[in-house]
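A structural walkthrough
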Amino acid sequence: MKAAILLFPGINRERDMVLAVRQSFGHEPQIVWHKETALPPGTDLVILPGGFSFGDYLRCGAMAAHSPIMPAVQAHAARGGYVLGVCNGFQILTEAGLLPGALLRNASLRFLSMDTMLKVERADTVFTSKWQPGAIFRAPMAHGDGNYTADPATLDRLEGENLVAFRYADENRNGSARSIAGIFSPNLRVLGLMPHPENLVDPLMGGTDGKPLFDSLAAA
Amino acid sequence: MSTEINFALAKSFGLNEAEWSKVNEIMGRTPSLTELGIFSVMWSEHCSYKSSRVWLKELPTKAPWVIHGPGENAGVIDIGDGLAAIFKMESHNHPSFIEPYQGAATGVGGILRDVFTMGARPIANLNALRFGDPSLPVTKRVVDGVVRGIGGYGNCVGVPTVGGEVNFHPSYNGNPLVNAMTVGIAKTDKIFLSAAAGIGNPVVYVGSKTGRDGIHGATMASTEFDASSEEKRPTVQVGDPFTEKLLIEACLELMQTDAIVAIQDMGAAGLTSSSVEMAGKGGVGIELILDNVPQRETGMTAYEMMLSESQERMLLILKPERRDMARAIIEKWDLDYAEIGHITDTGRIVVKHNGVTEADIPLDPLAEAAPLYRRPWVETPKPAPLGPLDLTTPLDQALLTLIASPDLCSRRWIFDQYDSTVGGQTVKRPAQADAAIVRLEDSQRALAITTDVTPRYCVADPFEGGKQAVAETWRNITATGAKPLAITDNMNFGNPEKPEIMGQFATCIQGMKQACEALDYPVVSGNVSLYNETEGRPILPTPAIGGVGVLDNAAQAVGYAAAPGLELVLIGETHGHLGRSLYLREILGREDGPPPPVDLAAERRNGDFVRAQIQAGTIQACHDIADGGLLVALAEIALASNTGLALTAQGDGGFWFGEDQARYVAALAPAALAGFQAAAQAAGIPAQHIGRTVTENKLTLPNGIAISLPQLRDAHEGFFPAWFA
């Protein structure tokens, strides 16, 4: 699995993502600057990490969704390539139309930084195969705008087509519709989620709960 | 339109009559408005340290591991493996009262720039905060704004906020303290300094455009507050953390090349202080053409541009043959790159705008003739002893009251708004250990970082309080297993023109000095904030100390969460000292008596023993005993571990809540207890077995009364959420 990590100005969790990918994949991911117009040849997985692309000044992810690299990401997804967006990366994917819905301000109107518990809704995907179905794992979250929303028909479709990837299993702190923390595209090849599995892949940092995400991808 | 330049104007800029005469003498004529502006900010308390310098000089600043002590943008120490830790703490007190969000946010931005300007990638932020009486609505507004501001800036730039401290006291009602600390990492052979060199080299401006914000901010930081302070809102700067993030990445990328001769951020007094200090340190002259300064407002004058404190700006001296490469890197990050002047051999700062010379000042006299005051001071009278106390409040009741009080309750509501994990290297987050632990990239090493001071001790006895502030940071770092290396100090005091305030300052310094010497723990950077008074009422003397230590192996770090089935040992001498304790204040309603003395020999002996026992793996969890005393420390262990405690030691309120110094609680395996106590005895260190951790979900006191963990947690966690509900 050859991974490319996109770097938009204001992204700040790319180094964390490199650590997680390096550990599970056994090789270095490529960092791709947002002003590039092509992905490195042979890219299997495109990762959009967390942060504050363009300062979140217009709307989280809205500017990055129009960066020069994004047509190449759209084409990669259309070809059936794998895409992972975490936190701001998830927001960018919704703004780019690669995933439905939107992430609103947290219901509390405050930034939320703490560990949350996530339930694995399905373990038969390339992103989740190393978990047991229904497994509950811990992941740090750190966001001001993680309140997932979509119109009721879209939510019903996500549920009906079994495209909810993760749900908040302890407390739905940001107010997300139906406790949704992450969703898949219909072909199960694009995943977006708000919490940060990449920050829990080393016992020294408090645990390895997030490691199965990267191990699953490495095994694909 | 022209402004008349006279003493009345100089006075409104903060200069006194003698200083005004000196300006005229140096210039040999009446200064221009821009020149007067430059003199007044460079000679402000904030930039010149005119009241504090004579005392700061006494602090120890050297050790074999110190690479750069005070005088650079931040302190630099060698932490092994060819790496340096670069750190400093700085106040943003005055702006944070007027406009809490932006005041705190730009405080974080400013201290980050002081660190990355030296070539370091920032890896941790901490903040030491003091607020007024929580029952006042204004305090709630300030707390909310400051916390949002720190989070808003730090979260966006992607530097984890990993620790800090918060106190409340009515003396901070109109004058909260926001002290922000940044720690960064650089290679020891890639450290960037600010001394300009190379006649003809271009002076390059990088970052945000210049506006009219923050003009005379340094002067505002050098006066007392009064009812009109709200009118100073326009002098508070506005932060842009996104641009700061770009600036960090652009500067660090440029620093991988050999293009930079010197670099400094534009902090207090903006373009003035950066250009004057860079040229002055290099012993050269500098000429600025302000027409080339990127501006976001029209019609700005030279005076306004020289004094603007617009944020997220850096000044660089470049090698001329590298300017194109440098421009390409800066512009890649969508930042302004502008050549706004060059280095000269004149020893003068010359400022031109629209073809007119707006300022032409000799640099040496500007620096050397800067005022220096040995202000009169008086010693703080020693407090009377406490006398007999009524210690009949039941232990459980006293504990529940204390851990629910604003100064001791959980800070979760605050740190839950700060991103503490970004970077992927945070080994111990807030409320897990006595110091934050952050691992270094591609290394086994980690830094242990903390901020501490106990202002209620400092006001009662500035000497002991100064000692205690330094010692507590040393102890907090030690309790994680790390070796403390150096400190940064952020000296927050009242009006130095009052002899009793100057006495607090001078005496705190003496106490800090003694502790630094006894602990081999030098001061490598710092900041002074004076005139922290509102309508004549000073804050408690608050010398906030930021300490940094190193662990050779991050895996050796311990926190204070303990597994069940461990023995608890109290290390250090316990006399039951209740003077100035939180027990005295919260339970008995008194704020008097002497603070606990710090026996620095015992501090060192106990600490070195504890650290060795952690590194040997004997101590599995450790917590220093500080505010609230032994029983509060134990309650914090129980809550962090989510495990019960069965306590067996017998003692009165003084034993359980006294704030004697140089003490720790250690948790160790039952099999290790006898050997541990024997080793302590051989080292002459008291080590009393006081109980154990248990699987039952409660804290059982020696009298048999038990408090369930949920009850303890509800009391501890209640204050902030209820306040902001």
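Refer to the preceding data block for the structure.
Here we summarise the structure given alongside this text. One numbering rule holds for all chains: residues counted from 1, following each sequence as written. Whichever chain is written first is A, and whichever ligand is written first is 1; the rest continue in order. Residue-level local features of this predicted model are given only where pLDDT is at least 70; pairs of side-chain atoms are given and counted only at 80 or more, and the full residue set underlies all totals for whole chains, interfaces and linings. Hydrogen atoms and water are omitted, and side-chain values are computed over all heavy atoms in the structure.

Considerations on the overall build of chain B
If you tally the helices and strands in chain B, you get 26 helices and 28 strands. What the globule rule says is 2.2 Å times the number of residues to the power 0.38, and the radius of gyration is computed from C-alpha atoms. What you see for chain B is a C-alpha radius of gyration of 26 Å, in line with the 27 Å of a compact globule of 725 residues. Dimensions of chain B, computed from the C-alpha atoms along their principal axes, are close to 85 × 50 × 45 Å. Burial statistics for chain B: of 725 residues in total, 65% are counted as buried. Residue pairs at least 24 apart in sequence account for 84% of intrachain contacts in chain B once pairs closer than 6 positions are excluded. Surface summary for chain B: the accessible area is close to 23100 Å², and the carbon and sulfur share equals 51%. All tallies of charge rest on Lys and Arg as positive and Asp and Glu as negative; His and the ends of each chain are not included. Positions of charges follow a simple convention, taking NZ of Lys, CZ of Arg, CG of Asp or CD of Glu. Here chain B contributes 57 positive and 84 negative side-chain charges, whose respective centroids are spaced 2 Å apart. To qualify as a helix, a DSSP run of H or I must reach at least 4 residues; to qualify as a strand, a run of E must reach at least 2; elements of each kind are numbered from the N terminus. The buried label goes to any residue with under 20% of its type's maximum accessible area, the exposed label to any with over 50%, and the partly exposed label to all in between, with areas taken from a 1.4 Å probe on protein chains only. Note on contacts: a residue pair qualifies if any of its non-hydrogen atoms lie within 4.5 Å across the two residues. Here the open area of atoms and residues is found with the Shrake-Rupley method and a 1.4 Å probe, where only the protein chains shown may cover a residue.

A word on the packing of aromatic side chains
Here is the rule: rings of Phe, Tyr and Trp (six-membered ring for Trp) pair when centre to centre is within 6.5 Å. Planes less than 30 degrees apart are stacked, more than 60 are edge-to-face, and the remainder are tilted. What the rule picks out here adds up to 26 aromatic pairs over all chains. Aromatic side chains Trp131 of chain A and Phe166 of chain A sit 5.8 Å apart centroid to centroid with 80 degrees between the ring planes, which places their arrangement in the edge-to-face category. One end of the pair, Trp131 of chain A, is in the loop between β6 (112-120) and β7 (136-143); the other, Phe166 of chain A, is in strand β9 (residues 164-168), with 35 residues separating them in the sequence. Overall, Trp131 of chain A belongs to the buried group, its relative accessible area being 7%. Taken together, the aromatic side chains of Phe131, Phe168, Trp413, Phe719, Phe720, Trp723 and Phe724 of chain B make up a single cluster linked through ring pairs. Sitting over the face of the ring of Phe724 of chain B, Lys140 of chain B holds its NZ or CZ atom 5.6 Å from the ring centroid. Put simply, a charge is over a ring when the Lys NZ or the Arg CZ is close to the ring centre, within 6 Å, and near the line of the ring normal, within 35 degrees. Positioned over the ring face of Trp33 of chain A is Lys332 of chain B, at 4.9 Å from the centre of the ring.

Digging into the sheet that holds strand β10 (residues 313-318) of chain B
All names here are of chain B. Strands are labelled as partners when DSSP assigns at least two bridges between them. One open sheet accounts for seven strands, arranged β8-β10-β7-β11-β9-β12-β13; its pairing is mixed. Two strands close off the open sheet at either side, each with one partner strand: β8 (260-265) and β13 (356-362). Here the average twist between neighbouring strands, direction ignored, is 20 degrees. In this structure, strand β7 (residues 202-207) lies alongside β10, joined through five bridges in antiparallel fashion. Paired with Val204 across the two strands is Leu316, which belongs to β10. Here an angle of 0 to 180 degrees is reported between the N-to-C directions of two axes, which are lines fitted to C-alpha atoms, with helices fitted over the stretch in contact.

Regarding the pattern of salt bridges
Residue and element names in this part refer to chain B. Salt bridges are defined as contacts in which a side-chain nitrogen from Lys or Arg sits within 4 Å of a carboxyl oxygen from Asp or Glu. Summed over the entire model, instances satisfying the criterion amount to 58 salt bridges over all chains. Between Arg212 and Glu304 there is a salt bridge, with the nearest N and O atoms lying 3.0 Å from each other. One end of the pair, Arg212, is in the loop between β7 and α9 (217-220); the other, Glu304, is in helix α12 (residues 302-307), with 92 residues separating them in the sequence. On the basis of relative accessibility, which here comes to 29%, the residue Arg212 falls in the partly exposed class. Judged by its relative accessible area of 17%, Glu304 falls in the buried class.

Overview of helix α25 (residues 709-717) of chain B
Each α-helix winds once per 3.6 residues, and so residues spaced three or four apart point in a common direction. Residues and elements named next belong to chain B. Those residues of α25 that fall on the buried side of the exposure criterion are Leu709, Leu712, Ala715 and His716. The buried residues of α25 all sit within an arc of 130 degrees when viewed along its axis, so they share a single face. In this structure, the buried residues of α25 make contact with α15 (395-404), α22 (629-641), β24 (644-647), β27 (698-700) and β28 (706-708). Throughout, the arc means the angular range of directions from the helix axis out to the C-beta atoms.

Focus on the environment of Gly526 of chain B
Residue and element names in this part refer to chain B. Topologically, Gly526 is positioned in strand β18 (residues 523-529). Sequence separation of Gly526 and Asn155 is 371 residues, and the distance between their C-alpha atoms is 24 Å. With sequence-adjacent residues up to four places away left out, Gly526 is seen in contact with Tyr49, Lys88, Met89, Thr488 and Asp489.

Things to note about α15 of chain B
Residues and elements named next belong to chain B. Counting buried positions along α15 yields seven of 10 residues, so the element is predominantly enclosed. The complete set of buried residues in α15 reads Leu395, Asp396, Ala398, Leu399, Leu400, Leu402 and Ile403. Residues of α15 that are buried in the fold lie against α20 (582-586), α22, α23 (653-657), β27, β28 and α25.

What about empty space enclosed by the protein?
All names here are of chain B. Put plainly, a pocket is an open set of points on a 1 Å grid over the protein atoms alone with protein on both sides within 12 Å along at least five of seven lines, a cavity is a set where a 1.4 Å probe fits but cannot get out, and a lining residue has an atom within 4 Å of a point. Grid points are joined across faces, edges and corners, and a volume is the space filled by probe spheres set on the points. Across all of its chains, the model carries three cavities of 30 Å³ or more by this definition. In this structure, the largest cavity spans a volume of roughly 70 Å³. Lining the largest cavity are Asn167, Phe168, His169, Tyr172, Asp407, Pro455, Arg456, Leu540 and Arg585. For the lining of the largest cavity, the secondary-structure elements that each account for two or more residues are β5 (161-168) and α17 (455-460). In terms of residue class, the lining of the largest cavity is built from four nonpolar, two polar and three charged. Only Asp, Glu, Lys and Arg are considered charged in this grouping, and only Ala, Val, Leu, Ile, Met, Phe, Trp, Tyr, Cys and Pro are considered nonpolar; every other residue, Gly among them, is considered polar.

As for the sheet that holds strand β1 (residues 3-7) of chain A
Backbone-to-backbone hydrogen bonds join strands into a sheet, with any given pair of strands oriented parallel or antiparallel. Residues and elements named next belong to chain A. Read across the open sheet, the nine strands follow the order β2-β1-β3-β4-β11-β10-β9-β6-β7; overall the sheet is mixed. The sheet terminates laterally at β2 (30-33) and β7, the two strands that pair on one side only. Across the sheet, the mean angle from the axis of one strand to that of its neighbour is 25 degrees, orientation sign disregarded. Relative to β2, β1 runs parallel, the two sharing four bridges. Looking at β2, one finds that Ala4 is bridged to Gln30. Contacts from helix α1 (residues 14-25) reach β1, β2, β3 (45-48) and β4 (82-86), with the element oriented near 175 degrees to β1.

Regarding the pairing of β18 of chain B
Residues and elements named next belong to chain B. Across the seven residues of β18, six count as buried, placing the element largely inside the fold. In terms of strand pairing, strand β17 (residues 483-492) meets β18 through six bridges, oriented parallel. Within the sheet, the bridge partner assigned to Met491 lies in β18 and is Val528. For a crossover, the right-handed case is the one in which the path from the first strand over the helix to the second runs clockwise, viewed with the strands pointing away from the viewer. Regarding the hand of the β-α-β motif, the stretch spanning β17, helix α19 (residues 499-519) and β18 is right-handed.

A few points about the interface of chain B and chain A
Contact residues are listed per partner, giving 37 residues for chain B and 29 residues for chain A. Here chain B and chain A share an interface that buries about 2700 Å² over both sides, 49% of which is from carbon and sulfur atoms. Among the residues chain B hides against chain A, the three largest losses belong to Phe242, Asp416 and Arg429 of chain B. Together they make up 20% of the total. There are seven salt bridges connecting chain B and chain A. Residue Arg22 of chain A pairs with Asp442 of chain B through a salt bridge whose shortest N-O separation is 3.6 Å. Each polar contact in these results corresponds to two N or O atoms within 3.5 Å; when the atoms are within protein, one needs to be able to donate a hydrogen and the other to accept it, and residues that are neighboring in sequence are counted only if both atoms are side-chain atoms. The tally of links from chain B across to chain A stands at 18 residue pairs in polar contact (both at pLDDT 80 or more). Take the accessible area each of two parts loses on contact, using a 1.4 Å probe, and add the two losses: that sum is the buried area.

Remarks on unusual backbone geometry
With phi around 60 degrees, Asp81 of chain B is a residue other than glycine that occupies positive phi space. Looking at where Asp81 of chain B falls in the secondary structure, it is placed in the loop between β2 (75-80) and β3 (83-91).

Looking at the pairing of β1 of chain A
Residues and elements named next belong to chain A. Among the five residues in β1, five count as buried, and that is most of the element. Direction of pairing for β1 relative to β3: parallel, over a ladder of three bridges. Opposite Ile5, over in β3, you have Ile47 as the bridge partner. Regarding the hand of the β-α-β motif, the stretch spanning β1, α1 and β2 is right-handed.

Here's the deal with the nonpolar core
Ranked by internal contacts, the top residues of the largest apolar core, which has 98 residues, are Leu84 and Phe166 of chain A. In terms of residues, this core owes the most to one element, helix α10 (residues 241-255) of chain B, which gives nine residues. Within the second largest apolar cluster, 87 residues are counted, among which are Val427, Phe493, Val598 and Cys622 of chain B. The criterion is simple. A nonpolar core is a set of buried Ala, Val, Leu, Ile, Met, Phe, Trp, Tyr and Cys residues joined through side-chain atoms within 4.5 Å.

A few points about the state of the cysteines
Here, a disulfide means two cysteine sulfur atoms that sit within 2.5 Å of each other. Counted by the stated rule, this structure contains zero disulfides over all chains. Free cysteine Cys458 of chain B: the closest other cysteine sulfur is in Cys508 of chain B, separated by 4.3 Å.

So, the side chain of Arg110 of chain A
Within the secondary structure, Arg110 of chain A is located in the loop between β5 (102-104) and β6. According to the relative accessible area criterion, Arg110 of chain A is buried, its value standing at 13%. Discounting chain neighbours no more than four positions away, the residues touching Arg110 of chain A are His143 of chain A together with Asp144, Arg148, Trp413, Gln417 and Phe724 of chain B.

What about the packing of α15 of chain B against α22 of chain B?
Packed helices, taken two at a time, are described by the angle their axes make and the gap between the axes. All names here are of chain B. Packing of α15 against α22 leaves a shortest axis separation of 10 Å and a crossing angle of 70 degrees. Between α15 and α22, the angle falls in the class roughly perpendicular. The chirality of how α15 crosses α22 is right-handed. Residue-level inspection shows Leu395, Leu399, Leu402 and Ile403 of α15 in contact with α22, the latter providing Leu631, Val632 and Ala635. Among the residues making up the contact of α15 with α22, the classes are represented as seven nonpolar, no polar and no charged. The cut-offs work like this: below 35 degrees is roughly parallel, past 145 is roughly antiparallel, 65 to 115 is roughly perpendicular, and the gaps in between are oblique. Note on convention: the crossing is left-handed when the near helix lies turned anticlockwise from the far helix by less than a right angle, right-handed when the turn is clockwise.

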